[in-house]
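# A structural walkthrough
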Amino acid sequence: MLKHNNNILSFCLLAIVLLLASCNKNKFHIEGEITDAADSVLYFEHMSLDGPVVLDSVTLDAKGEFSFSGEGVAAPEFYRLRIANGIINVSIDSTETVTVKASYPTMSTQYEVKGSDNCTKIKELALLQQQLLAQAINISRDNTFGVKQTEDSINALTERYKDYVRTNYIFKEPHKAYAYFALFQTLGPRLIFDPQQSDMDIRTFAAVATAWDTYYPEAERGLNLHNIAIEGLKVLRHNQAKRYGPAVDADKIEEVSLLDISLPDNKGQMRSLTDLKGQVVLLDFHVFSSPGSTERIMMLREIYNKYHQRGLQVYQIGFDSDIHFWKTQTAALPWISVHDADGASSPNITKYNVSEIPTFFLIDRTNTLYKRDAQIKDLDKEIESLL
């Protein structure tokens, strides 16, 4: 009887260990130490769309050790460690463990982070932002500048910052958490990337939104980015109409979750991707001079012939440097064939986060980006589901 009870006890202990291990696998962890902060309260906060929400806290001892955890996430989420006004921003995009080490007086600028490339990039962005602020303050304190010169100098400084961050962070990997983080950096009380002041800033928000549609189609943050871009477009157009006359009715701007592409087709007519709303669209990025082009075109012909009468359209972008060769290759194709003269440096490649060509995307009837080729195992099945 005793042996039987021991077996039962051993089985129960094993089950508990396995259960704890399983639970632990579904959690993320943020741990480390913040020294020189004895008796200070360290807050662990979720940076929700409605603002910071305290999830947990700990009163630090002399060692400053801490450990927080939370449920694993399907799409990137943002958190911060805070002591008073000292803040360290972190992101989580799965169930990883992030380690942070800092000293309280300088925790916002001089901290170490390990376990997350996104968190490393966020630290770089935070330091760049602080440098921008310091430079703007120095300009504002220069007594040799007038008001207009001060404003112009700070605006020029900000534009250079935006160009650098846009190229090296946001457009480089727009689906990453750090690209999203960069969109919401501020200079004083205002957004650095302000979609209500700049067409380019609208496109920057939309580029990240489109990437999030592809990688995290259910993420609330992706939808929020689209709404910000659309609202910014309305405000910008309204202000332009007041200044220059009514160029467009802002109230008629529709909310779409798609970055538009407008290029000339092989007959010289401009063709816009968003004009195809109501159809299922296969957006194809292609180079006709590349190996395997013939086989790919044959595959697309089969798909097109099979589904076109039911509402499928192909919008194919050719990136060939020889436009005459491209026209010859596309003359007999039944779908929309457009040419991008910018080739490999095209902003359309950046906007759709294309790392290699050929590649394709599926867009549903509402003009919403559905999936990219890497996410599709059965193309026929996916098209059937959208028709």
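Just so we're clear, the structure is a prediction, and the values are computed from it rather than from any experiment. (Residues numbered from 1 in each chain as written. Predicted model: local features only at pLDDT ≥ 70, side-chain atom pairs only at ≥ 80, totals over all residues. Heavy atoms only, no water.)

## Some thoughts on helix α10 (residues 379–386)
Inclusion rule: Each residue is assigned to one of three classes by its accessible area relative to the maximum for its type, calculated with a 1.4 Å probe on protein chains only: buried under 20%, partly exposed between the two thresholds, exposed over 50%. A helix here means a DSSP run of H or I that spans at least four residues, while a strand means a run of E at least two residues long, and both kinds are numbered starting from the N terminus. The arc in question is formed by the directions pointing from the helix axis toward the C-beta atoms. Definition of a polar contact: a pair of N or O atoms within 3.5 Å, with one able to donate and the other able to accept a hydrogen when the atoms are protein atoms, and with sequence-neighbouring residues admitted only if both atoms are side-chain atoms.
Taken together, the buried positions of α10 are Leu379, Glu382, Ile383 and Leu386. Angular distribution of buried residues about the axis of α10 spans 95 degrees; they occupy a single face of the element. Two or three places before Asp380, at the start of α10, stands the capping residue Asp378, its side-chain oxygen 3.2 Å from that residue's backbone nitrogen.

## A closer look at the pattern of salt bridges
Rules: The term salt bridge refers to a pairing of a side-chain nitrogen on Lys or Arg with a carboxyl oxygen on Asp or Glu at a separation within 4 Å.
If you walk through the whole model with that rule in mind, you get 14 salt bridges. Of the charged contacts in the structure, one is a salt bridge between Asp163 and Arg166, with a shortest N-O distance of 3.1 Å. Of this pair, Asp163 and Arg166 both sit in helix α3 (residues 147–170), three residues apart, which is roughly one turn of that helix. Residue class for Arg166 comes out buried when judged on its relative accessible area of 6%. Through salt bridges with shared partners, one network takes in Glu159, Lys162, Asp163, Arg166 and Asp201.

## Topic: helix α7 (residues 293–307)
The condition that has to hold: To estimate the expected span of a helix, subtract one from its residue number and multiply by 1.5 Å. It only takes one pair of heavy atoms within 4.5 Å for two residues to be counted as in contact.
With 15 residues, α7 extends 21 Å between its outermost C-alpha atoms, agreeing within 8% with the 21 Å of an ideal straight helix rising 1.5 Å per residue. Those residues of α7 lying buried are Ser293, Arg296, Ile297, Leu300, Ile303, Tyr304 and Tyr307. Considered in projection along α7, the buried side chains sweep an arc of 125 degrees and stay on one side of the axis. For α7, exposure combined with an orientation more than 90 degrees from the buried face picks out Thr294, Glu295, Met298, Glu302 and Asn305. Those residues of α7 that are buried are in contact with β13 (280–286), β14 (312–318), β16 (359–363) and α10.

## Structural notes on the side chain of Asp284
You can see Asp284 is positioned in strand β13. Accessibility expressed as a relative area gives 0% for Asp284, which makes it buried. Among the polar contacts listed, one links the side chain of Asp284 to the side chain of Arg296, at a separation of 2.5 Å. Setting aside anything within four residues of it in sequence, one finds Asp284 in contact with Arg296, Leu300, Tyr315, Gln316, Ile317, Thr359 and Phe360.

## Details of empty space enclosed by the protein
Formally: Cavity and pocket criteria rest on a 1 Å grid covering protein atoms alone: a 1.4 Å probe that fits but cannot get out defines a cavity, protein on both sides within 12 Å along at least 5 of 7 lines defines an open pocket, and an atom within 4 Å of a point defines a lining residue. Grid points are joined across faces, edges and corners, and a volume is the space filled by probe spheres set on the points. Under the grouping applied here, Gly and all other residues not named as nonpolar or charged are polar, the nonpolar ones being Ala, Val, Leu, Ile, Met, Phe, Trp, Tyr, Cys and Pro and the charged ones Asp, Glu, Lys and Arg.
Tallied over the entire structure, the rule returns one cavity of 30 Å³ or more. Roughly 30 Å³ of internal volume is contained in the largest cavity. As for the largest cavity, its lining consists of Thr210, Ala211, Thr214, Tyr215, Lys351, Tyr352, Asn353, Phe361, Leu369 and Arg372. Elements with a minimum of two residues in the lining of the largest cavity: α5 (199–215) and β17 (369–372). Tallying contributions element by element places α5 first for the lining of the largest cavity, with four residues. Here the lining of the largest cavity is composed, by residue class, of five nonpolar, three polar and two charged.

## Some thoughts on the confidence of the model for the chain
Interpretation of the predicted coordinates at a detailed level should be avoided for regions scoring low in pLDDT. Here is the rule we go by: A score between 0 and 100, pLDDT records how confident the predictor is in each residue.
With 88% of its residues at a pLDDT of 70 or more, the chain has an overall mean of 86. In this model residues 247–256 is a low-confidence stretch, pLDDT under 50, and it forms 14 contacts with partners more than four residues away in sequence or in other chains.

## Quick word on the pairing of strand β6 (residues 86–92)
Worth spelling out the cut-off: Following DSSP output, two strands are said to pair if at least two bridges run between them.
β6 sits mainly inside the fold: five of its seven residues count as buried. As judged from the seven bridges shared by strand β5 (residues 77–83) and β6, these two strands associate in the antiparallel manner. The residue bridging Arg82 from the neighbouring strand is Ile87, located in β6. Here β5 folds back onto β6 in antiparallel fashion, the turn holding two residues, of which Ala84 has a positive phi close to 55 degrees.

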